[in-house]
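Listed below are the residues making up each chain.
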Amino acid sequence: MPKVSAEFSSNRREEIISACEKLYQTMNFKDITIIEIGKITSFTRTSIYNYFNTKEEIFLALHQKEYELWIIELEQIISSHEKLTREEFADLLAKSLQNREQLLKLMSMNHFDMEMNSRQENLIEFKKVYGQSLRTVKKCLDKFFCDMSENDKEKFLYVFFPFIYGIYPYAVVNQKQIDAMDAAETNFVYHTIYELAYNCILKLL
């Protein structure tokens, strides 16, 4: 890769990630290729390989970006409130997840492929941000729920995070899925991301 400025490299990476994000709004993970991503960037497709080895690395970078945006919102909850009741905190945390539908979608789909087909250094950077999200939710618990024991806070984290990995498929369903569930008589009850998250958080608290 030719020597370029850090700002230039960062801008190129961001353009690639944004192109992937745009395609992901209308296409499935399996149908998105580096060729398709390259078509909507301002440079040649082969230049993408200067920044990412696989499409999974691009998706991992998008996933990392979504975590970073969620962390910013969590920090705003911490800085904007001195006290919160359990109901108020559940409301704000559930809303933060509702605002990050793409994060939940990435969590629930092809997560294993993203990690296994990315270089170790990229995976480490992703895990650092994931770890920061854990610590930031813990920071919320530390500030607003002094009565919770450290053991209870740990239990909260290790139920809450696995839970949010499964929200998306329950809350975002298409008409084909609804028709199939009706035909199968599953008695599916639709709940929003907010409703699922709020009820779970309140139970955990």
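Every value quoted in this text rests on a predicted model; they were computed, and no experiment measured them.

Visitor: So what exactly am I meant to see when it comes to the pattern of salt bridges here?
Guide: Side chains bearing opposite charge may pair, as long as their charged atoms lie close to each other. Within the structure shown, the criterion is met by 16 salt bridges. A salt bridge links E66 to R100, with the shortest nitrogen-to-oxygen separation between them at 2.9 Å. Placement of the pair is E66 in helix α3 (residues 55-80) and R100 in the loop between α4 (86-98) and α5 (101-108), with a sequence separation of 34 residues. R100 matches E66 in its accessibility class, with the two residues each being buried. Between D142 and K153 there is a salt bridge whose closest N-O contact spans 2.8 Å. With D142 in helix α7 (residues 120-144) and K153 in helix α8 (residues 150-164), the pair connects residues that are eleven residues apart, well separated along the chain. The network of salt bridges with common partners includes K138, D142, E150 and K153.

Visitor: Would you mind showing me how to read the packing of α8 against helix α11 (residues 193-204) here?
Guide: Each pair of packed helices can be summarised by the angle the axes make with each other and by the distance between the axes. Contact geometry of α8 with α11 gives a least axis separation of 10 Å together with a crossing angle of 165 degrees. Overall, the two elements α8 and α11 adopt an arrangement that is roughly antiparallel. With respect to the hand of their crossing, α8 and α11 are arranged in right-handed fashion. Contacts from F156, V159, F160 and F163 in α8 reach L196, A197, C200, I201 and L204 in α11.

Visitor: Could you clarify how one ought to interpret the side chain of H63 in this entry?
Guide: Tracing the chain through its elements places H63 in helix α3. Relative accessible area serves as the criterion here: at 0%, H63 is assigned to the buried category. When near neighbours in sequence (up to four residues on either side) are disregarded, H63 contacts L103, L106, M107, H111, M114 and F126.

Visitor: So what exactly am I meant to see when it comes to the environment of L60 here?
Guide: Counting through the fold element by element, L60 comes out in helix α3. According to the relative accessible area criterion, L60 is buried, its value standing at 3%. It is 7.8 Å that separates the C-alpha atoms of L60 and L123, two residues lying 63 residues apart in sequence. L60 has contacts with M114, E115, S118, N122, L123 and F126, leaving out every residue within four places of it along the chain.

Visitor: In this structure, what is going on with the packing of aromatic side chains? I would like to understand it.
Guide: Aromatic ring pairs: the centre-centre distance and the angle between the two ring planes describe each pair. By the definition in use, this model includes twelve aromatic pairs. For the ring pair Y130 and F161, a centre distance of 6.0 Å and an interplane angle of 90 degrees mean the geometry is edge-to-face. Of this pair, Y130 sits in helix α7 while F161 sits in helix α8, placing them 31 residues apart in sequence. Taken as a pair, Y130 and F161 share a single burial class, namely buried.

Procedures and definitions
Residues numbered from 1 in each chain as written. Predicted model: local features only at pLDDT ≥ 70, side-chain atom pairs only at ≥ 80, totals over all residues. Heavy atoms only, no water. Salt bridge = Lys/Arg side-chain N within 4 Å of Asp/Glu carboxyl O. Helix = DSSP H or I, 4+ residues; strand = E, 2+ residues; numbered from the N terminus. Buried < 20%, exposed > 50% of the residue type's maximum accessible area, 1.4 Å probe, protein only. Axes fitted to C-alpha atoms, helices over the stretch in contact; angles between N-to-C directions. Parallel < 35°, antiparallel > 145°, perpendicular 65-115°, else oblique. Left-handed = near helix turned anticlockwise from the far one by under 90°. Contact = heavy atoms within 4.5 Å. Phe/Tyr/Trp six-rings, centres within 6.5 Å; stacked < 30°, edge-to-face > 60°.

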